[in-house]
Protein chains: 2
Amino acid sequence: MNLLIKGIFSWRLFLLLEKTTSQGLRATGRRMTRTRKAVLSLLEGTQQPLSASEIFLQLQKDQIAIDLVTVYRTVNVLKELGLVVQLDLHQEGQSRYELKEGRKHHHHIRCQMCGKIVDLLLCPLKKLTKLIEERTQFVVEDHTLEFSGFCPKCQ
Amino acid sequence: MNLLIKGIFSWRLFLLLEKTTSQGLRATGRRMTRTRKAVLSLLEGTQQPLSASEIFLQLQKDQIAIDLVTVYRTVNVLKELGLVVQLDLHQEGQSRYELKEGRKHHHHIRCQMCGKIVDLLLCPLKKLTKLIEERTQFVVEDHTLEFSGFCPKCQ
DNA sequence: CATTTATTGCAAGTCTATTGCAAGTAAAAA
DNA sequence: TTTTTACTTGCAATAGACTTGCAATAAATG
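Quick notes on the rules
- Residues numbered from 1 in each chain as written.
- Chains lettered and ligands numbered in written order.
- Predicted model: local features only at pLDDT ≥ 70, side-chain atom pairs only at ≥ 80, totals over all residues.
- Heavy atoms only, no water.
- Phe/Tyr/Trp six-rings, centres within 6.5 Å; stacked < 30°, edge-to-face > 60°.
- Helix = DSSP H or I, 4+ residues; strand = E, 2+ residues; numbered from the N terminus.
- Buried < 20%, exposed > 50% of the residue type's maximum accessible area, 1.4 Å probe, protein only.
- Near = heavy atom within 4 Å.
- Polar contact = N/O pair within 3.5 Å; in protein donor to acceptor, adjacent residues only side chain to side chain.
- Nonpolar A, V, L, I, M, F, W, Y, C, P; charged D, E, K, R; others polar.
- Pairing = 2+ DSSP bridges.

Our next topic: the packing of aromatic side chains. All names here are of chain A. Overall, the coordinates contain two aromatic pairs over all chains when judged by the stated rule. Measuring from ring centre to ring centre gives 5.2 Å for tryptophan 11 and phenylalanine 14, while their planes differ by 20°; the resulting arrangement is stacked. In this pair, tryptophan 11 and phenylalanine 14 are both assigned in helix H1 (residues 11–25), three residues apart and thus about one turn of the helix distant. Given the relative accessible area of 56%, tryptophan 11 is considered exposed.

Structure representation (structure tokens):
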């Protein structure tokens, strides 16, 4: 398996690709391809959640030719496999994607000025979920929580 | 002022239009028009938050001809005036609008099956906001919180 | 009721994302 | 290794939500 995407080797990336191939793709009759490796590699090496067009542009910079359509299809496959989380942040008009692999459930805060996104490593909603289920008679499956404001640089 | 939209008179609607005109529109050099009355009237009489196209279609049913573009412009004006809140619910791909007038800050739960949206008359995030400001050094301006799951009918 | 200028409708455009299909290619079978 | 199978990709076209330009319309004011 060719791991030398962009000429950079990462042990974490190797494990991620291995696991994705054997437990994710192969198990669902899918294949590990050049483009899927490239997208996984990029997401693995990036802090901020990326949009489809950002992934497209970054890979273009890295001399990896992938159609934008393929980026959309790829992140959707990775989402189905549970490897990637899709974020629909308020007032962004586009989705962002981040690796879920090995990360705890968390939320985000976004700067209204520069768009910087920072992880919030907390979730205060477990108790609240029960209360809501009692009050509304819904079965709660998911929640989204997002803060926005001004980051230190933009205040 | 013609209040007889759809031939139905409502005292609450009368007060809303009066207040909107004098304190909102007039104060910002804007005008109370047939279309703004119609949109306000519809939102005032609806429980669920409505999307632009839903507003458009409902007004068409009510024999009130308003262009979809005008609906978008109208809800944006009402949003600027602070009379309407824009909701960008997860996985909906479109914004919804609800009257803010006279309502407390609240959040929503949405059925993943039928799309029904129910108000949650609570907000557990006041204390959390301070903690987040301390941890991230952001100044928090806003937050969004949304639950999803299955409503009683769809379970 | 005439004037001023905000507002509307229509057409066209933007942006994000999806779909159909022929060509390309990874993985299994021979 | 070669062949076969069918999953993937790129390209073009399309869909859907929303915006913009502009001429025509219609509120508000004197």
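With respect to spatial proximity, 22 residues lie near DNA strand D, and among them A:Arg30, A:Thr35, A:Arg36, A:Thr70 and B:Tyr72 are the closest. Near the protein, meaning within 4 Å, the atoms of DNA strand D are sugar or phosphate in a fraction of 65%, with bases accounting for the rest. In the model, a phosphate oxygen of DNA strand D is placed 2.3 Å from a nitrogen or oxygen of the A:Thr70 side chain. Of all elements in the fold, only helix H2 (34–44) and helix H4 (68–80) of chain A together with helix H4 (68–80) of chain B reach the threshold of two or more residues within the surface near DNA strand D. Split by residue class, the surface near DNA strand D holds six nonpolar, eight polar and eight charged.

Residue and element names in this part refer to chain A. Read from one edge to the other, the open sheet built from three strands follows the order S1-S3-S2, with strand pairing classed as antiparallel. Edge strands, defined here as strands with exactly one partner in the open sheet, are strand S1 (50–51) and strand S2 (84–87). Relative to strand S3 (residues 96–99), S1 is paired through two bridges, and the arrangement is antiparallel. Bridge pairing in S3 places leucine 50 opposite tyrosine 97.

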